[in-house]
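Observations on the three-dimensional arrangement
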Amino acid sequence: MNRLFIFDTTLRDGEQVPGCQLNTVEKIQVAKALEALGVDVIEAGFPVSSPGDFNSVVEISKAVTWPTICALTRGVQKDIDAAAEALQYAKRKRIHTGIGTSDYHIKHKFNSTREEILERAVAAVKYAKKYVEDVEFYCEDAGRTDNEYLARVVEAVIKAGATVVNIPDTTGYCLPSEFGEKFKFLMENVNGVHNAILSTHCHNDLGMATANTIAGVVNGARQVEVTINGIGERAGNTALEEVAMILKCHKGLNIDTNINTQKIYSTSRLVSSLMNMPVQANKAIVGRNAFAHSSGIHQDGVLKNRESYEIIDPKDVGIDDNAIVLTARSGRAALKHRLSVLGVELSQEKLDNVYEEFLKLADRKKDINDDDILILTGKDLTASHRIKLDYLQVTSGKGVKSVASVGLDIAGEKFEAAASGNGPVDAAIKAVKQIIKREMVLQEFTIQAINRGSDDVGKVHMQILHNGAVYYGFGANTDIVAASVEAYIDAVNKFVK
Ligand code: KIV
Ligand code: ZN
């Protein structure tokens with residue numbers, strides 16, 4: 001079988017999505033889950049872009065053993081210097097550099113010429129080679145790049161030492177037949193093409209990312225760049241789980257990966273929960289309805305023989321259909337088992353804390369689902385917060401002015417304030433501001449219920465502007481005013497040290 005390398009960019013292209021930013025601890029958690037899933041390469045960030053990204057690449061490099069750690073750069077020396085420094089602790093390291101090669105990019109982005117871009121591409125690879133052996137070059141907007149010129153660039157960067165050449169469909173424009181042809185053309189027309197691996201990197205703007213990726217593979221690509229749940233800018237990137245399961249189902253393609261497909265579901269849940277990005281119910285492979293047969297004809301067929309309507313056994317992606325239903329009477333062992341199915345391993349002390357919170361939630365909510373449980377484990381993260389919500393009391397209703405009293409614990413010291421406002425959340429945030437006394441502008445505020453019932457946990461996501469920088473906060477509670485204040489305080493904790 002031909003081996004296909006899986007390059008995961010959840011923590012780089014995926015993490016660029018507004019509102020999906022993770023802190024370093026969360027990124028390490030995702031990186032370790034990706035390692036357990038069996039990905040070959042983890043693109044851990046774009047080090048020159050921010051100190052946070054730089055630090056995440058450093059910490060992921062230390063935490064992960066087996067996969068290659070990759071850092072993104074533009075084709076400029078200062079980016080490559082930063083990437084090399086951030087990768088210093090990686091056991092296997094790769095610099096991913098590149099430049100736009102379509103005429104749109106050459107003329108409008110760089111105000112340059114094809115010849116000059118070719119020279120810059122070669123120079124970037126040669127410069128990166130001074131630091132690492134494994135250099136990947138991306139031809140940005142390759143999907144809309146003229147094939148003859150693309151072949152010249154690919155040939156030149158391979159000659160300069162690129163070990164992998166990435167052919168991204170940056171705008172998600174190509175048809176599968178066109179994208180497949182592009183790879184065929186490169187395989188047939190680039191001298192030395194066998195000295196490097198060609199990679200796909202597809203975006204889903206027209207819903208063709210996975211089809212394009214498979215077309216690339218059928219025509220010679222031996223690396224695919226993907227994200228968990230297909231998250232990524234705009235309509236997202238190719239979903240890792242889709243490619244892995246297509247190759248598993250279509251043995252005739254004769255392509256093998258190192259993915260342990262039974263870890264797909266837990267990794268999907270982890271990424272969705274940490275990034276506050278719900279998976280659409282009908283998402284292929286990992287959506288809530290992906291294996292739910294509701295029509296009578298289908299149910300009858302599946303009961304007689306699963307293969308009548310199912311091409312994938314849910315167990316192959318780690319969906320445990322005999323999952324123990326958790327209720328207020330469930331013990332620690334049941335909770336621990338469910339957490340391990342979801343990819344979360346906790347110390348005994350943390351498990352005890354989460355179990356306490358679980359029992360409180362189970363008293364208020366009869367149907368505890370996987371998202372609720374993951375949120376409870378996330379709650380533990382607030383333990384390191386300097387500012388904590390001690391108590392919150394609000395009076396609100398139709399025809400009355402909303403009033404809130406808030407108690408905060410700031411590094412062990414207690415503070416209280418009360419305020420009135422235009423609704424309970426406004427009143428509570430005004431009270432918090434009286435205590436924190438910083439310039440803070442609430443830019444975005446979304447409330448989302450995880451399931452459907454009125455007893456559901458509300459997830460609140462907030463974006464706050466402070467001193468020109470944006471900070472994200474998250475809160476989850478069956479009381480949405482409390483969830484909102486928790487999200488606000490979560491964001492504030494990111495800049496009040
Ligand atoms: O979509 C794209 O072209 C990219 C490159 C930076 C690899 O993400
Ligand atoms: Zn991309």
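What comes next concerns the included structure. (Residues numbered from 1 in each chain as written. Chains lettered and ligands numbered in written order. Predicted model: local features only at pLDDT ≥ 70, side-chain atom pairs only at ≥ 80, totals over all residues. Heavy atoms only, no water.)

**A few points about the site of ligand 1**
Heads up, the rule is: What makes a residue near a molecule or strand is one non-hydrogen atom of that residue sitting within 4 Å of it. Any pair of N or O atoms that falls within 3.5 Å is considered a polar contact. Within protein, one atom must be able to donate a hydrogen and the other to accept it, and sequence-neighbouring residues count only if both atoms are side-chain atoms. Areas reported as accessible are Shrake-Rupley estimates using a 1.4 Å probe. Residue values count occlusion only from the protein chains shown. Helix numbers and strand numbers start at the N terminus; a helix is a DSSP run of H or I with at least 4 residues, a strand a run of E with at least 2. For this classification, Asp, Glu, Lys and Arg are treated as charged, while Ala, Val, Leu, Ile, Met, Phe, Trp, Tyr, Cys and Pro are nonpolar and the rest, including Gly, are polar.
The immediate surroundings of ligand 1 are formed by Arg12, Asp13, His96, Tyr138, Glu140, Asn166, Pro168, Thr170, His201 and His203. At a separation of 3.2 Å, an oxygen atom of ligand 1 approaches a polar side-chain atom of Asp13. One of the side-chain N or O atoms of His201 is found 3.1 Å from an oxygen atom in ligand 1. For ligand 1, whose accessible area on its own is 270 Å², the fraction buried by protein is 92%. Of all the secondary-structure elements, those providing two or more residues to the shell around ligand 1 are strand E6 (135–140) and strand E7 (164–169). Looking at the shell around ligand 1 residue by residue, the classes come out as 2 nonpolar, 5 polar and 3 charged.

**Description of the nonpolar core**
Note the threshold: Only buried residues count toward a nonpolar core, which is a set of Ala, Val, Leu, Ile, Met, Phe, Trp, Tyr and Cys residues joined through side-chain atoms within 4.5 Å. Residue exposure (1.4 Å probe, protein chains only): buried if accessible area is under 20% of the type maximum, exposed if over 50%, otherwise partly exposed. The contact rule is simple, with two residues in contact once any of their heavy atoms fall within 4.5 Å.
Ranked by size, the top nonpolar core spans 112 residues in total, and within it Phe137, Cys139, Val154, Val165, Ile167 and Leu335 carry the most contacts. The contact partners of Val165, leaving out residues within four places of it in the chain, are Phe137, Cys139, Val154, Val157, Ile158, Ile197, Leu198 and Ser199. Ranked by size, the runner-up nonpolar core spans 29 residues in total, among them Ile387, Val485, Ile489 and Ala491.

**A word on unusual backbone geometry**
One non-glycine residue, Asp141, adopts positive backbone phi at about 60°. Tracing the backbone shows Asp141 in the loop between E6 and helix H6 (147–159). Given the relative accessible area of 0%, Asp141 is considered buried. One non-glycine residue, Asn229, lies in the positive phi region at around 65°. Considering the arrangement of structural elements, one finds Asn229 in the loop between strand E9 (223–226) and helix H9 (240–249). Owing to a relative accessible area of 11%, Asn229 belongs among the buried residues under this scheme.

**Overview of the sheet that holds strand E12 (residues 402–410)**
Filter applied, for reference: Whether two strands pair comes down to DSSP finding at least two bridges between them. Fitting a line to C-alpha atoms yields each axis, with helices limited to the stretch in contact; the angle taken between N-to-C directions then spans 0 to 180 degrees.
Pairing within the open sheet is antiparallel, and its 3 strands lie in the order E11-E12-E13. Edge positions in the sheet fall to strand E11 (387–395) and strand E13 (413–421), since each of these pairs with one other strand and no more. Adjacent strand axes in the sheet meet at a mean angle of 15° when their direction is disregarded. Alignment of E12 against E13, held across 9 bridges, turns out to be antiparallel. Looking across to E13, one finds that Gly407 is bridged to Glu416. Against the sheet, helix H15 (residues 424–436) makes contact with E11, E12 and E13, and its axis sits at roughly 140° relative to E13, the strand it touches most. Contacts between helix H16 (residues 480–493) and the sheet are confined to E11 and E12, with E11 contributing the most and set at about 150° to the helix.

**Topic: helix H5 (residues 114–129)**
Rule in force here: Expected helix span is taken as 1.5 Å per residue step, with the number of steps being one fewer than the number of residues.
Its 16 residues give H5 an end-to-end C-alpha distance of 23 Å, which sits within 8% of 22 Å, the value for a rise of 1.5 Å per residue. Among the residues of H5, Ile117, Leu118, Ala121, Val122, Ala124, Val125, Tyr127 and Ala128 are the ones counted as buried. Buried-residue contacts for H5 involve helix H3 (77–86), strand E5 (93–100), helix H4 (103–109), E6 and H6.

**Brief notes about the coordination of the zinc ion (ligand 2)**
Rules: Note that water is not among the atoms used; donors are N, O and S atoms within 2.8 Å of the metal (3.2 Å for Na, K and Ca), so sites may look incomplete.
Asp13 (OD), His201 (NE2) and His203 (NE2) make up the full set of protein donors to the zinc ion (ligand 2), lying at 2.0 to 2.1 Å. Here the donor residues of the zinc ion (ligand 2) are spaced in sequence according to D-x187-H-x1-H. Here Asp13 is found in the loop between strand E2 (5–8) and helix H1 (24–37), whereas its partner His203 is found in the loop between strand E8 (197–202) and helix H8 (209–218), with 190 residues between them in sequence. Comparing Asp13 with His203 shows no difference in burial state: the two are buried.

**Points about the pairing of E7**
For E7, the tally of buried residues reaches 6 of 6 residues, placing the bulk of the element in the interior. Of the two faces of E7, the one lined by Val164, Asn166 and Pro168 and the one lined by Val165, Ile167 and Asp169 are each fully buried. Pairing of E7 with E8 involves 6 bridges; the strand directions are parallel. Paired with Val165 across the two strands is Leu198, which belongs to E8.

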